[in-house]
Every structure is written in structure tokens, then in C-alpha cells.
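Okay, here's what each chain looks like letter by letter:
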Amino acid sequence: DEAGEGGCGDITTRQNFQLRGITLQAVPDIFERLEACGLTTIQSGMDNVRNAVGSPIAGVDPMEIVNTIPVCNDLTEYVIDFGKMNERIANLPRKWNVCVVGSHDLYEHPHINDLAYMPAEKDGRFGYNLLVGGFFSATKCEEAISMDAWVPEEHVIHTCDAILTTFRDFGARSGRQKCRMMWLIKDMGLENFRDEVANRMPGGRLETEGKDLVDTSHKRRDYHGVHKQKQEGLNYVGLNVPAGRIQAKDMFEIARLAEEYGSGETRLTVEQNYIIPNVPDDKVEALLQEPLLTTGEGFATAFRPNPGRLVKDLVSCTGNQFCALALIETKATGKALAEALEATMDFTRDVRMHWTGCPNTCGQVQVADIGFLGCQTKNPTGEKGNVDGVKIFLGGNIGHDAALGKEVAKVACSELLPYVQDLLVEKFGATRKSKGSLTSEDEVAIKYWQDFPFNSGGGPAVFPANGNGEYVKPTT
């Protein structure tokens, strides 16, 4: 909040916050305040272990297989060594991601993690089957594969340590594009990799895969809106945060809503959204009438529980508004395109759109229904020079039919609306609205896209930090 107009935050694809606009002088105080809340920045970047991802509705989900919160907390304390940093695993060949699956929905996206714990049982004991090697990079992306291993729940940390130290000791440290753990698995061979991990386990062995407890025929549930919890009389409410961008005022308001209507707790999802759990039946309607959830009046944008078919699953990296690696602006562009498409099209299904500003694909475009990866492309007007564009990816999926999408086209950002309209009709069963059926809100969204400042550099002068997708039209 003290950062003023230069500050904002992002919800990330690993259930984290990124805070922006912080001055160096303010860092020590902020770190102390974060620590007092049980939050940490340890191991949140560079070549080390990222935070453990779990189910966003753990402990309240009436259909959950296992509550992932205790396991994720144990993994976190192992990684950060209770706030001191676990130096044994702090210098890896490359970054490393881990998740614990808690339900049939696979909200945790296990297939794109270096290590995924999949609920399973063996000989009447509960534990986890292991998937290993999922990753994204600028040159290659791969799904995690089965390690043919099962571990009892009391050996979760031992397993994590055995796999991590194997990666630490044998992983390549030369070309950074070939340093993720899957490269090591392929270099060693899966069987040799498994044997090395087994040698580092208690007793020097790993059991073979157990019976998977995840129902692969289950259809993923939508967590947006109001849903009954396993606790009688309580509900969790999923709120859409367009492109994951948040303001200090939003954060204070979410905290107020969680305390006034729930138990003071909030959850984050890997799709960059909020969930407020533990809302009593008799408080649901009042919560749904709050301005932040309806009109957004007084805030940068509304966080609706019933968003449109495209905005609800819109995911975006930070883009070149703040990231020096990004080739294009992503958050405002993605939001404006999604709203213009919703204004001009009718849908029979949700369509997941992911945006990323560069080939490092922090926005995970390869698992989207439609992925947009920033690039430079020829000017569609025929004039000399390149303009902001995207490489289009199709065929990605999450869940039980997880798949990585393939690049199919390169399109200038200014030409995206008609291109994606055609794509939605051809591939996703959408239909175009008649001009006479457009509402005044639809017309505003269309005009907003038509006036969008493409090729303006993406910086805060055009896309202010204190706006959620707003832009200042350059005067030149």
C-alpha cells in the first residue's frame, strides 16, 4: 500500500504473491512483517526448490482424497529449514517444482511438476505414487512420467530429499536450457535414476507403484462461485481475479471479506484466483452482494464469482510491464482480448487462455486451450519493422487428459480479435453474436480493444501499476 501508484501485486501460477513497487529501504521491514504472518521469500527464485503446491480447497473439499495442507507444510519446512534456509538443496542445477495432489480434480497440475505426489495405497497403507520430470523451458517442455514408485506418507520428506540430492549431485550445470531434472532422468535412464534415489531412501529401497486413488474418469469441478464444504453449514466461494493482477486495496478488502464472512482465511489457485473458505450459509448472499464481487466500484476491477467463459480461466505472466525478459505486454492485452471476445461471441463451454511474454513460458501456454506466447512479427500493414505478436498454441490440456499444445501460427497482437474469433468457432463451438444483440457493455469492450495501445512498449507509463488492465493511450 505504501508503494502508492507504483505498486501492485500478482497472484502466480504456484499459489504465491509477487509484490511490486517496493523500495530497497522498505525491504527489511516488509520481510519482518511477512515473517510475522508466516510468509517467506526463501527459495522463491533462482536455482532452488519452489513452494509446494497443494489443493486450493484442501480440508474443506467434500470429495477430497487427502488434505494436502499438512504435507505441503512439512515440505515447506524441509525446504526453508524453519526460516533458516536448507543450504543442502539451495544450489541446484536449475529450479525445481513439487506438488501434492489432494483430489480427483488435479487442481495442482501434477504433470508439469518435477515431482508430484499422487495419492495411492498399497497393502492397506496410504501413501503416494510418484511422477517425476515435468517442466517448461524456452527450448523444451515435457510432462511428468511415472517413476514406478510408491512411498508411505511418513516417507514423503525422505523421498523429496532423495530425489533432490540426486538431482543436485548428478544434474548438468552447463547449458541452462538442458539443466532441468528431466534431462538428468533421460541422461541416466529412468531405471538408473530410480536406483540412485532408492539408495538414498531409508532402508535403501523403493517400493513399486501402488493402487492409484485418483479417479481418472472424474470431470474437473469448477471452483468459481459458491460450493458446499464437507463441514455442515459452511461454503467456499471462488473469486476470479482477471489475469491475476491485484492492488493493495484489493488485498485489504479480501482480508476484510474473509474475516467478516469466513474464518479469516483465503486460498490461492494456480490459475491466479482467490477462494474464501468457511462462509456460513446465512452469510453467503451478503458476501455475494459486496461491491468487489459485483460492480467493482471503488476498486480497479471486480473479482466476480461468476465470470465469463474466457476471463474465468485467463492466466498471464507479468509481461513487459515489469519483466525485462518479456517481449510483449500480457496482462492488459489478455484481459482486453478476452473481454472483447466475450462481447462478440456466445459460448457453450469454458476456454482456457494463457499468455506468456517470452519463451520461458511462465504463463504455461502449452497447457492452455489457446496459448499466446509473446514474440515480434512482421507488421501486418506491410510497413517496415516488426510489431508485437504472439505464437499461437493449440491442443494443451490439464487434468487426466493432460497434453502439451503445439504452435500453429504467429499473429500480430493487433490482428488477434478476428483470428481468435475464427478459432473459437472452428475449434470450440462458439458462435458470433448478431450486431443487434450487443449490449452497451459489449460495445465498451469492443471499443476498448479497438483503441488498445499495441506496440507501446508495455511500461507503466502506458499500463499503470495501479490499474487492472487499464491503459493510457499514448498521445504521439
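The preceding data block contains the structure.
Residues numbered from 1 in each chain as written. Predicted model: local features only at pLDDT ≥ 70, side-chain atom pairs only at ≥ 80, totals over all residues. Heavy atoms only, no water.

(A) View of the overall build of the protein. Tallying secondary structure elements over the protein gives ten helices and 22 strands in all. Relative to a compact globule of 476 residues, whose C-alpha radius of gyration would be 23 Å, the protein shows 22 Å and is just as compact. Considering only C-alpha atoms, the protein reaches an extent of 70 × 60 × 50 Å along its principal axes. Residue burial in the protein is summarised as follows: out of 476 residues, 55% are buried. (Helix = DSSP H or I, 4+ residues; strand = E, 2+ residues; numbered from the N terminus. Rg over C-alpha atoms; globule rule 2.2 N^0.38 Å. Buried < 20%, exposed > 50% of the residue type's maximum accessible area, 1.4 Å probe, protein only.)

(B) Structural detail: the packing of helix H3 (residues 156-170) against helix H5 (residues 190-199). Put simply, H3 and H5 touch, their axes get as near as 8 Å, and they point 115° apart. In this structure, H3 crosses over H5, and the sense of that crossing is right-handed. Counting all contacts with H3, which are made through Ala162, Ile163, Thr166 and Phe170, the residues of H5 involved are Phe193, Glu196 and Val197. A class-by-class count of the residues in the contact of H3 with H5 yields five nonpolar, one polar and one charged. (Axes fitted to C-alpha atoms, helices over the stretch in contact; angles between N-to-C directions. Left-handed = near helix turned anticlockwise from the far one by under 90°. Contact = heavy atoms within 4.5 Å. Nonpolar A, V, L, I, M, F, W, Y, C, P; charged D, E, K, R; others polar.)

(C) How the structure looks around the nonpolar core. Grouped together as the largest cluster of nonpolar side chains are 39 residues, with contacts concentrated most on Leu75, Trp96, Tyr117, Met147 and Ile163. Leaving out residues up to four positions away in the same chain, Met147 has contacts with Leu130, Val132, Ile163, Phe193, Arg194, Val197 and Leu206. (Core = buried A, V, L, I, M, F, W, Y, C linked by side-chain atoms within 4.5 Å.)

(D) Seen up close, the sheet that holds strand S16 (residues 315-316). The five strands are arranged S16-S18-S19-S20-S21 in an open sheet whose pairing can be described as mixed. Bordering the open sheet on either side are S16 and strand S21 (406-412), each of which pairs with just one other strand. As judged from the four bridges shared by strand S18 (residues 353-356) and strand S19 (residues 370-378), these two strands associate in the parallel manner. Residue pairing for S19: Met353 is matched across the bridge by Ile370. Each of S18, S19, strand S20 (386-394) and S21 touches helix H9 (residues 416-428); the most contacted strand, S20, lies at about 10° to it. (Pairing = 2+ DSSP bridges.)

(E) Spatial organisation of the sheet that holds strand S13 (residues 245-246). Ordered by their spatial adjacency, three strands build an open sheet running S2-S1-S13, and the pairing between neighbours is antiparallel. Where the open sheet ends on each side, the last strands, each with one partner, are strand S2 (17-20) and S13. Here four bridges tie strand S1 (residues 8-11) to S2, and the two strands are oriented antiparallel to one another. Along S2, the bridge assignment pairs Asp10 with Gln18.

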